[in-house]
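# An overview of the molecular structure
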Amino acid sequence: SHGFEAWVAAFNYWNTDVFYSGGDDCIFKAYDLRAPNAVVSNRRHEAGVTAVRSDVVTEHRLLTGSYDEKVRLWDARNLKCCITDENVNGGVWRLKWHPYNNRVVLAACMYGGFRLLRVNDEISVIDEYLEHESIAYGADWKFEKESLIVATCSFYDCKLHVSEIVLK
């Protein structure tokens, strides 16, 4: 479905007949299994689309990340243009909503380290973690309601860090 490498595929958590993909061709696509010929393509990303994450708490809300160093917030009902975007100073490889607080997102930003984002109607960077010495690729939350424990990993130095985030 993509002209170059497809980097990500993700289901819409609210409607599992819908799923998304992103590729090195800078295209973000939406598919509906009930209408296989009705693919929606968005070409607003300025580089490869590497992350797509549906919000498990708020219907119709999803995020994308790209090599163009931007995280974009979308309304899944209108994928012609994003609601807002934020430059996170690093090509985005992974996005993870906090498991219980859908206003907080952890982003692995490749050469820019890791960013903690606040997502409302806008996206803002609220903190960063730059302790890895290599490309920031993996990021995840500990799945506990009150926890702000994260695991992060980097590529060439083969490091895994477990950290506690203290929100200011």
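- In the annotation of an unreviewed UniProt entry, the entry for the protein reads methylated diphthine methylhydrolase, and the organism field reads Papilio machaon.
- What the UniProt record of the protein gives under Sequence similarities (unreviewed entry) is the line "Belongs to the DPH7 family."

### Points about the sheet that holds strand β2 (residues 15-23)
- If you trace the four strands from one edge of the open sheet to the other, you get β1-β2-β3-β4, paired in antiparallel fashion. Lying at the two open borders of the sheet, with one neighbouring strand each, are β1 (6-12) and β4 (40-42). Neighbour-to-neighbour, the strand axes of this sheet turn through a mean angle of 20 degrees, independent of strand direction.

### Examining the pattern of salt bridges
- Per the stated rule, a full pass over the model turns up nine salt bridges.
- The residue R34 makes a salt bridge to D17 at a minimum N-O spacing of 3.6 Å. In this pair, R34 sits in the loop between β3 (28-32) and β4 while D17 sits in strand β2, placing the two residues 17 residues apart along the sequence.
- Exposure remark for D17: the relative accessible area of 27% places this residue in the partly exposed category.
- E144 is the partner of K142 in a salt bridge, and the nearest nitrogen-oxygen pair spans 3.6 Å.

### Looking at the packing of aromatic side chains
- Summed over the entire model, instances satisfying the criterion amount to 11 aromatic pairs.
- Each ring, one from F28 and one from W74, has its centre 5.2 Å from the other, and the planes form 45 degrees; the classification is tilted. Residue F28 is found in strand β3, and its partner W74 is found in strand β7 (residues 70-75); the two are separated by 46 residues along the sequence.
- By relative accessible area, which is 0% here, W74 ends up buried.
- Their ring planes at 75 degrees and their centres at 5.3 Å tell us that Y137 and F155 sit as a pair that is edge-to-face. Of the two residues, Y137 is situated in strand β13 (residues 136-141) and F155 in the loop between β14 (149-154) and β15 (160-164); the sequence distance between them amounts to 18 residues.
- The class for F155 is partly exposed, based on a relative accessible area of 43%.
- Taken together, W7, Y67, W93, Y137, F155 and Y156 form an aromatic cluster joined through their ring pairs.

### Quick look at a nonpolar patch on the surface
- A surface patch of nonpolar side chains, amounting to about 380 Å² of accessible area, comprises Y13, W14, V56 and V57.
- On the secondary structure map, Y13 appears in the loop between β1 and β2.
- The class for Y13 is partly exposed, based on a relative accessible area of 41%.

### As for the UniProt feature "repeat: WD" (unreviewed entry) in the protein
- According to UniProt, the "repeat: WD" (unreviewed entry) feature falls on residues 42-78.
- Across residues 42-78, the secondary structure splits into 0% helix and 51% strand, with the terminal C-alpha atoms separated by 10 Å.

Definitions and limits used
Residues numbered from 1 in each chain as written. Predicted model: local features only at pLDDT ≥ 70, side-chain atom pairs only at ≥ 80, totals over all residues. Heavy atoms only, no water. UniProt positions renumbered as here; feature names shortened; annotations may be inferred. Pairing = 2+ DSSP bridges. Helix = DSSP H or I, 4+ residues; strand = E, 2+ residues; numbered from the N terminus. Axes fitted to C-alpha atoms, helices over the stretch in contact; angles between N-to-C directions. Salt bridge = Lys/Arg side-chain N within 4 Å of Asp/Glu carboxyl O. Buried < 20%, exposed > 50% of the residue type's maximum accessible area, 1.4 Å probe, protein only. Phe/Tyr/Trp six-rings, centres within 6.5 Å; stacked < 30°, edge-to-face > 60°. Patch = residues over 30% accessible without salt bridge, like charges linked within 9 Å, V, L, I, M, F, W, Y side chains within 5 Å. Areas by Shrake-Rupley, 256 points an atom, 1.4 Å probe, with all protein chains shown as cover.

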